[in-house]
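Architecture at a glance
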Amino acid sequence: MCLLLQSLVLMALCFHPASMCPKGCACVHGNGLNVTCSHAQLKEIPLDLPPDTALLWLDHNQVTTIPDQVFKELHLLRELNLSHNAIRTLGENAFKGVESTLLVLDLSHNRITTVQKSVFALLKARINMDNNPWHCDCTLQQVLKGMAYNHESASRLLCKSSELHDHGPPRPFLAIDADLCNLAKRTTDYAMLVTMFGWFTMVISYVVYYVRQNQEDARRHLEYLKSLPSKPKKSDEGDDISTVV
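The rules behind each value
- Residues numbered from 1 in each chain as written.
- Predicted model: local features only at pLDDT ≥ 70, side-chain atom pairs only at ≥ 80, totals over all residues.
- Heavy atoms only, no water.
- UniProt positions renumbered as here; feature names shortened; annotations may be inferred.
- Disulfide = S-S within 2.5 Å.
- Helix = DSSP H or I, 4+ residues; strand = E, 2+ residues; numbered from the N terminus.
- Buried < 20%, exposed > 50% of the residue type's maximum accessible area, 1.4 Å probe, protein only.
- Polar contact = N/O pair within 3.5 Å; in protein donor to acceptor, adjacent residues only side chain to side chain.
- Contact = heavy atoms within 4.5 Å.
- Phe/Tyr/Trp six-rings, centres within 6.5 Å; stacked < 30°, edge-to-face > 60°.

Labelled according to an unreviewed UniProt entry, the protein chain appears under the name LRRNT domain-containing protein, originating from Anguilla anguilla. The UniProt entry for the protein chain carries the following text under Sequence similarities (unreviewed entry): "Belongs to the LRRC3 family."

For the structure shown, the criterion picks out four disulfides. Two residues share a disulfide in this structure: Cys25 and Cys37, whose sulfurs sit 2.0 Å from each other. As the torsion about the S-S bond is roughly 110°, the Cys25-Cys37 disulfide counts as right-handed. Here the residue Cys25 occupies a position in the loop between helix H1 (2–14) and strand S1 (26–30), and Cys37 occupies one in the loop between strand S2 (32–36) and strand S3 (53–57), the gap between them amounting to twelve residues. Judged by relative accessible area, which is 15%, Cys25 ranks as buried. Note on Cys37: relative accessible area 0%, which makes it buried. Each sulfur of the disulfide joining Cys138 and Cys181 lies 2.1 Å from the other.

This brings us to the side chain of Asn110. Following the sequence through the fold, Asn110 ends up in the loop between strand S7 (104–106) and strand S8 (126–128). Of the polar contacts made by the side chain of Asn110, one reaches the backbone oxygen of Ser108; its length is 3.1 Å. Asn110 has contacts with Leu82, Ser83, His84, Asn85, Ala86, Ile87, Asn131, Asn132 and Pro133, leaving out every residue within four places of it along the chain.

Looking now at the environment of Ala154. In this structure, Ala154 sits in helix H3 (residues 151–156). Residue classification places Ala154 among the buried positions, given a relative accessible area of 6%. The sequence separation of Ala154 and Asp130 amounts to 24 residues, and the corresponding C-alpha distance is 9.1 Å.

With that settled, consider the packing of aromatic side chains. Applying the stated criterion across every chain, the model contains two aromatic pairs. Residues Phe71 and Phe95 carry aromatic rings whose centres are separated by 6.3 Å and whose planes lie at 10° to one another, so their mutual orientation is stacked. Of this pair, Phe71 sits in the loop between strand S4 (65–66) and strand S5 (79–81) while Phe95 sits in the loop between strand S6 (89–90) and S7; the two residues are 24 residues apart in sequence, bridging distant segments of the chain. Given a relative accessible area of 2%, Phe95 falls into the buried group. Measuring from centroid to centroid gives 6.2 Å for Phe95 and Phe120, while their planes differ by 25°, and the two rings are stacked. Residue Phe95 is located in the loop between S6 and S7, and its partner Phe120 is located in the loop between S7 and S8; the two are separated by 25 residues in the primary sequence. Exposure remark for Phe120: the relative accessible area of 2% places this residue in the buried category. Taken together, Phe71, Phe95 and Phe120 form an aromatic cluster joined through their ring pairs.

As structure tokens, then:
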């Protein structure tokens, strides 16, 4: 009888009540509550995750976006695995509420091309961002500069495309020896210069056309005046006769 009671107590401690575990997931107590939702065909993050979740596995699903503050109630969360999904978008405050507790974040094998500048700013977690089609631009450069705890992860990040418009196989982000923020500014300045030059050229062309058109009108007017018959002059003989009479 005592042995049976001990077994029931052990099971109660090890397994989380099914009513509090999200559908398609398994909840087991170990080193904290481990919630496993792998291969569950999920298309979004479950909203009924137990608040005492410490390890959360959401890998190998069909999640496409991580909304703002979706993990804010998980104050004990230490590990979060979001790998092997179809994630394209991370909300700017996607990890708000777990900044101080999260130690491991896996975002590998997704479809992320860019993120908001501050999305990882307050995280101290070790972040795996491998195998995403990153577009390396000014924003991503600023993101990685703010990830003081993830130099190793940044060194493995490959650029599928970049502001340098180079073509070829993906290459490490840190191999791009250029300030992409200044590059973007120079590109903008160049575009403005080209636009201004275009407007200036158009104005000059209009002025030249206007002057030439006026010259042509003046020439035609002068030719018209020349073509008019001149008034006949009175002869001197007629004048003399008029005087004698």
